[in-house]
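Structural description and commentary
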Amino acid sequence: MAKWTARDIPDQAGRVAVITGANTGLGYETAAALADHGARVVLAVRNLDKGKDAAARIAAKIPGADVALQELDLTSLDSVRAAAGQLKADYDRIDLLINNAGVMFTPKATTKDGFELQFGTNHLGHFALTGLLLDRLLPVAGSRVVTVSSQGHRFGRIRFDDLQWERRYSRVGAYGQAKLANLLFTYELQRRLAPRGTTIAVAAHPGGSRTELTRNLPALVGALTAVVEPLFQAADMGALPTLRAATDPGVLGGQYYGPDGFGEQRGYPKLVTSNGRSHDVDVQRRLWAVSEELTGVTYPLV
């Protein structure tokens, strides 16, 4: 069976794709590939100078690329609300929302709203952004919300008794919780979207990819990573599961895509499975309710 590559992306002309964290790494490669196939890509980034540089690189690589910028700081709910408001003013439709931005293994810190940094950025920021933009996706047949998780979800647990890791912090455990939350969110969102029949929620993970995410690795893990990093794949390959989840006509809501190689660490995108905890419906619903309470964002869905 043929391997799925960026050449398999269908024509994206007329489609609007909003991509968080699109100035570098996986997000940049995702944006460039979509622009190369005709989409209007909106780079939703925290640092506008880096965003401008990324847009310039895409324009130089792809003559005629349709690229726009939107300032977005996922560590601030005020910024999320402002960005969503501006995007809704600028676009009467959004075809793709790709929740790609994230932080990994950060030292103990909080967002501007007091949430643990990894949970607040990777999950709560995207939960709020998606809910605020959903009315631009729902009327669009074939629209998708794609959320990037990772193999890290396998060592994650949702600590409802200490979501913000105030008692004892583990940067690895907090990352696992955040990435598991990405999947729980995707599956619960899909269940709520299904009756509408227009928009689907899908997840993807990049396997082992060489990106800036590894800059916060603990010393021992970082040393081990430096040894095995040559085995990691380049960011353009790591972006393929996201791109397939976003564009392959055969994708169904609630699916999860990752690399097809050993341990899903590298290779071409295929349909993969997530762990049992990610499919716990009670946890999905509880996390959803908590996320609405923490962010103050209520979705226009039953």
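Throughout what follows, the structure given in this document is the object of discussion. The structure displayed is predicted, hence computed values, not measured ones. (Residues numbered from 1 in each chain as written. Predicted model: local features only at pLDDT ≥ 70, side-chain atom pairs only at ≥ 80, totals over all residues. Heavy atoms only, no water.)

What the protein chain contains, in helices and strands, is nine helices and eight strands. Taking 302 residues into account, the globule formula puts the C-alpha radius of gyration at 19 Å, and the protein chain, at 18 Å, falls close to it. Projected onto the principal axes, the alpha-carbon positions of the protein chain cover approximately 50 × 45 × 40 Å. With 302 residues in all, the protein chain has 57% of them scored as buried. Sequence-distant contacts, at least 24 apart, represent 76% of the contacts inside the protein chain between residues at least 6 apart. As displayed, the protein chain has an accessible area near 12,600 Å², and 53% of this comes from carbon and sulfur atoms. Charge centroids of the protein chain, computed over 34 positive and 30 negative side chains, lie 4 Å from each other. (Helix = DSSP H or I, 4+ residues; strand = E, 2+ residues; numbered from the N terminus. Rg over C-alpha atoms; globule rule 2.2 N^0.38 Å. Buried < 20%, exposed > 50% of the residue type's maximum accessible area, 1.4 Å probe, protein only. Contact = heavy atoms within 4.5 Å. Areas by Shrake-Rupley, 256 points an atom, 1.4 Å probe, with all protein chains shown as cover. Lys, Arg positive; Asp, Glu negative; His and termini not counted. Charge placed at Lys NZ, Arg CZ, Asp CG, Glu CD.)

Scanning all chains against the criterion turns up seven aromatic pairs. On the basis of an interplanar angle of 80° and a centroid distance of 5.1 Å, the ring pair of Phe127 and Trp288 is categorised as edge-to-face. Of this pair, Phe127 sits in helix α4 (residues 117–137) while Trp288 sits in helix α9 (residues 281–295), placing them 161 residues apart in sequence. Note on Trp288: relative accessible area 3%, which makes it buried. One aromatic cluster in this structure is built from Phe127, Phe185, Trp288 and Tyr299. Here Arg159 stacks its cationic end above the ring of Trp165, 3.6 Å away from the centre of that ring. (Phe/Tyr/Trp six-rings, centres within 6.5 Å; stacked < 30°, edge-to-face > 60°. Lys NZ or Arg CZ within 6 Å of the ring centre and 35° of its normal.)

What follows is about the pairing of strand β6 (residues 199–204). Within β6, six of the six residues are buried, leaving the element largely enclosed by the surrounding structure. The alternating pattern of β6 places Thr199, Ala201 and Ala203 and Ile200, Val202 and Ala204 on opposite faces, both of which are buried. Pairing geometry for strand β5 (residues 143–148) and β6, over six bridges, is parallel. Looking at the pairing, Arg144 lines up with Ile200 of β6. (Pairing = 2+ DSSP bridges.)

Any space left empty among the atoms is revealed by the rolling of a water-sized probe across them. Counted according to the given criterion, the structure contains two cavities of 30 Å³ or more. Its boundaries defined by the atoms lining it, the largest cavity holds a volume of some 40 Å³. For the largest cavity, the full set of lining residues is His123, Phe127, Leu184, Phe185, Glu188, Gln284, Leu287, Trp288 and Ser291. Contributions of two or more residues to the lining of the largest cavity are made by α4, α5 (171–193) and α9. Here the lining of the largest cavity takes four residues from α9, the largest share from any one element. In this model, the second largest cavity occupies a volume close to 30 Å³. Around the second largest cavity, the lining residues are Leu74, Thr75, Ser76, Leu77, Thr111, Asp113, Phe115, Gly120, Leu124 and Gly125. Split by residue class, the lining of the second largest cavity holds four nonpolar, five polar and one charged. (1 Å grid on protein atoms, 1.4 Å probe; cavity = no way out; pocket = protein on both sides within 12 Å on 5 of 7 lines; lining within 4 Å. Points joined across faces, edges and corners; volume = space filled by probe spheres on them. Nonpolar A, V, L, I, M, F, W, Y, C, P; charged D, E, K, R; others polar.)

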